[in-house]
Amino acid sequence: MSSRSPHTMSFLELCKAELELCGIGEGSTVAVLSQADDRTAYVNAFLNASEELGATAFQVRLNNRLSTLDGDEGVWAVGATPLAGNRPAIEALKGVDLVVDTIFLLFSPEQLEIQASGTRILLCIEPVEHLREMFPDRTLRERVEAGAELLGNAKQLRFTNAAGSDITYDLGTYPVITQYGYTDTPGRWDHWPSGFLFTGGADDGVNGKVMIAPGDIVFPFKSYAQSPIELTIEAGRIVDVRGPGLDADLFADYMKSFDDPDAYGIAHIGWGMLETAKWGVLAYDRRGMGMHGRSFYGNVLFSTGPNGELGGTNETLCHIDVPMRNCTLELDDQPIVVDGDIVVDGVKSARTVAA
Ligand SMILES: [Fe+2]
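None of the values given here were measured: they were computed from a predicted structure.

Enquirer: Requested: an account of the pairing of strand 15 (residues 266-272), with residues and values cited.
Expert: Among the seven residues in strand 15, seven count as buried, and that is most of the element. Both strand 9 (residues 196-200) and strand 15 contribute to a ladder of five bridges, which runs antiparallel. Paired with glycine 200 across the strands is histidine 268, a residue of strand 15. By the bridge criterion, four bridges tie strand 15 to strand 16 (residues 300-304) in an arrangement that is antiparallel. Within strand 16, the residue paired with tryptophan 271 across the bridge is valine 300.

Have a look at this one:
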């Protein structure tokens, strides 16, 4: 890989460096999946980058356009993809080493089938500036994998914050999922850009209080909480939502709008690892899915709703991600994150990270 900074690279050069991290080179095969006329600049850059690296590459362009990925709409309504039922396209994608997904296949049965064939998948839909700012490197992978080993060996996760959160997750039921922004492992999915890891508590093994504090981010609202939101969680279910301000009302109303008891389940839990991701970015740049917010260094990423991606049975469409600041997270009483700072050698960044 080039030793140049991502900040001075063209988009083509960025895609080339990314594909090199994904193990693409002479003799590799790459397919870029797209729909309609969406993201043609991404398609062209990845195809050209693949060829410059000596790979054989082609585009699978679907005609339908069932999802909106641009702007504030985001990709919150996931489900059927334009790939569903298109057997020849699915087979073509299963035949390559790497699929670059520009349509958002995540959570679809088609994605699982493609991964099961040994094909790895890289999701890439975020604004180019975000791809550049959060460009991954091998050190990030090593740190995320070191964190995953700790998380995978732990029996209990607990997190607290000064606002009054104190919640425990019984671990061991679900696997640990890593995201470090590239993938060179057969059958593995990743998302450029990202940097975090997560698992899930046992379905009835999450108990305590989560106090979302002002400044914590609530997705899909893409906004910072201005007032506290207090969640009471018993045996893996949210049994009470309250707070003195508008935020608690909006949170409760959003969950209620799904008219689904499973909306009150607890989804993944983990922490952010990426030094280049910025907590404050939503104040001036609301584009994209919010990978800055989910990845920023030392956040505790609390989430509600489905756990299907971990292998669980909760498939509710109500999914809320809450990257929280200044939390302390422990695994079997070993501090991993203390007041929003990662404290374990090998997991923490060697660089100084601005608070
Ligand atoms: Fe999530």
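Past the structure itself, the notes keep going.
Enquirer: Could you give an account of the coordination of the iron ion, naming the residues involved and the relevant values?
Expert: In the first shell of the iron ion, the protein supplies His268 (NE2), His319 (NE2), Asp321 (OD) and Asp321 (OD), at 2.1 to 2.5 Å from the metal. Considering all four donor atoms around the iron ion, the spread of angles at the metal, 54 to 128°, places the coordination shape in the irregular class. Sequence spacing of the donors to the iron ion: H-x50-H-x1-D. In this pair, histidine 268 sits in strand 15 while histidine 319 sits in the loop between strand 16 and strand 17 (320-324), placing the two residues 51 residues apart along the sequence. Here histidine 319 falls in the buried class, since its relative accessible area comes to 18%.

Enquirer: How would you summarise the pattern of salt bridges if you had to cite specific residues and measurements?
Expert: According to the stated counting rule, one finds 23 salt bridges in the structure shown. Aspartate 184 is the salt-bridge partner of arginine 141, the closest N and O atoms lying 3.0 Å from each other. Separated by 43 residues along the polypeptide, arginine 141 in helix 6 (residues 138-153) and aspartate 184 in the loop between strand 7 (177-179) and strand 8 (189-191) bring together distant segments of the chain. When its relative accessible area of 18% is taken as the criterion, arginine 141 is described as buried. By relative accessible area, which is 31% here, aspartate 184 ends up partly exposed. A salt bridge links glutamate 275 to arginine 143, with the shortest nitrogen-to-oxygen separation between them at 3.5 Å. Of the two residues, glutamate 275 is situated in the loop between strand 15 and helix 8 (291-295) and arginine 143 in helix 6; the sequence distance between them amounts to 132 residues. The class of glutamate 275 is buried, set by a relative accessible area of 18%. Judged by relative accessible area, arginine 143 falls into the buried class, the value being 5%.

Enquirer: Quick one: what's the story with the sheet that holds strand 8, residue by residue and with numbers?
Expert: Reading across from one edge, 2-1-3-4-8 is the order of the five strands in this open sheet, with parallel pairing throughout. In the strand order of this sheet, the two ends are held by strand 2 (56-62) and strand 8, each with one partner. The mean inter-strand angle of the sheet, taken between neighbouring strand axes irrespective of direction, is 20°. Taken together, the three bridges between strand 4 (residues 120-123) and strand 8 define a ladder with parallel strand orientation. Residue isoleucine 121 lies in a different strand from strand 8, and its bridge partner there is tryptophan 189. Each of strand 1 (29-35), strand 2 and strand 3 (98-101) is contacted by helix 3 (residues 87-94), which is oriented at about 155° to strand 2, the strand it contacts most.

Enquirer: Kindly report on the layout of surface pockets, identifying the contributing residues and their values.
Expert: Rolling a probe over the atoms, with the probe sized like a water molecule, indicates the empty space that remains. Taken as a whole, the largest pocket holds about 1000 Å³ of empty space. Contributing to the lining of the largest pocket are 40 residues, with Leu106, Phe107, Phe198, Gly308 and Glu309 lying nearest its centre. For the lining of the largest pocket, the element with the highest residue contribution is helix 4 (residues 109-116), accounting for four residues. Counted by class, the lining of the largest pocket contains 22 nonpolar, 13 polar and five charged residues.

Enquirer: Summarise helix 6; cite the residues concerned and give the values.
Expert: If you check helix 6, its first and last C-alpha atoms are 23 Å apart, about what 16 residues at 1.5 Å a residue would give, namely 22 Å. Buried positions along helix 6 lie against strand 5 (156-160), strand 7, strand 9, strand 15 and strand 18 (328-331). Structurally, the start of helix 6 carries an N-cap: the backbone nitrogen of threonine 139 is 3.1 Å from a side-chain oxygen of aspartate 137.

Enquirer: Please set out helix 3 residue by residue, giving values where relevant.
Expert: One turn of an α-helix holds 3.6 residues; hence residues three or four places apart share an orientation. Turning to helix 3, its buried residues number three or more, namely Ala89, Ile90 and Leu93. The arc that holds the buried residues of helix 3, viewed along the axis, is 100°, so those residues lie on one side. Looking at the buried residues of helix 3, the elements they touch are strand 1, strand 2, strand 3 and helix 4.

Enquirer: Can you break down the packing of helix 1 (residues 11-21) against helix 2 (residues 40-52) residue by residue, with the values?
Expert: Helix packing geometry: the angle between the two helix axes and the distance between the axes. Taken N-terminus to C-terminus, the directions of helix 1 and helix 2 make an angle of 60°; their axes are 8 Å apart at the nearest point. The angle between the axes of helix 1 and helix 2 places the two elements in the oblique class. Judged by the twist between their axes, the crossing of helix 1 over helix 2 is right-handed. Residue-level contacts link Phe11, Leu12, Cys15, Lys16 and Leu19 of helix 1 to Ala41, Tyr42, Ala45, Phe46, Asn48, Ala49, Ser50 and Glu52 of helix 2. Each residue belonging to the contact of helix 1 with helix 2 can be placed in one class, and the counts come to nine nonpolar, two polar and two charged.

Conventions used here
- Each chain carries its own residue numbering, running from 1 in the direction its sequence is written.
- Predicted model: local features are reported for residues with pLDDT of at least 70 only, side-chain atom pairs are reported and counted for 80 or more only, and whole-chain, interface and lining totals are derived from all residues.
- Side-chain measures were taken over the full set of non-hydrogen atoms in the model, leaving aside hydrogen atoms and water.
- Note on classification: 1.4 Å probe, protein chains only; a residue is buried when its accessible area is under 20% of the maximum for its type, exposed when over 50%, partly exposed between these limits.
- For helices the rule is a DSSP run of H or I covering at least 4 residues; for strands it is a run of E covering at least 2, with both sets numbered from the N terminus onward.
- Note on pairing: DSSP must find at least two bridges between two strands before they are called paired.
- As a rule, N, O and S atoms within 2.8 Å of a metal are its donors, except that Na, K and Ca use 3.2 Å; water is not among the atoms, so sites may look incomplete.
- Only two sets of limits are used to name each site, 85 to 135 degrees for every angle of a tetrahedral four-donor site, and over 155 degrees for opposite donors with all other angles from 65 to 115 for a square planar four-donor or octahedral six-donor site, with any other site named irregular.
- Within this document, salt bridges are pairs made up of a side-chain nitrogen of Lys or Arg and a carboxyl oxygen of Asp or Glu, the two lying within 4 Å of each other.
- Axes here mean lines fitted to C-alpha atoms, for a helix over just the part in contact, with angles spanning 0 to 180 degrees between N-to-C directions.
- Whether two residues touch is decided by their heavy atoms; if any such pair falls within 4.5 Å, the residues are in contact.
- Residues are called lining when one of their atoms sits within 4 Å of a cavity or pocket point, these points coming from a 1 Å grid over the protein atoms alone, where a cavity is a set in which a 1.4 Å probe fits but cannot get out and a pocket is an open set with protein on both sides within 12 Å along at least five of seven lines.
- Grid points are joined across faces, edges and corners, and a volume is the space filled by probe spheres set on the points.
- The residue classification treats Ala, Val, Leu, Ile, Met, Phe, Trp, Tyr, Cys and Pro as nonpolar and Asp, Glu, Lys and Arg as charged. All others, Gly included, are polar.
- Helix span, as expected, comes to 1.5 Å for every residue beyond the first.
- Side-chain atoms alone can form a polar contact between residues adjacent in sequence; in general such a contact is a pair of N or O atoms within 3.5 Å, and within protein one must be able to donate a hydrogen while the other accepts it.
- Of all possible arcs, the one meant is that of the directions from the helix axis to the C-beta atoms.
- Under this scheme an angle from 65 to 115 degrees is roughly perpendicular, one under 35 degrees roughly parallel, and one over 145 degrees roughly antiparallel; angles in between are oblique.
- What makes a crossing left-handed is the near helix being turned counterclockwise from the far one by less than a right angle; a clockwise turn instead makes it right-handed.

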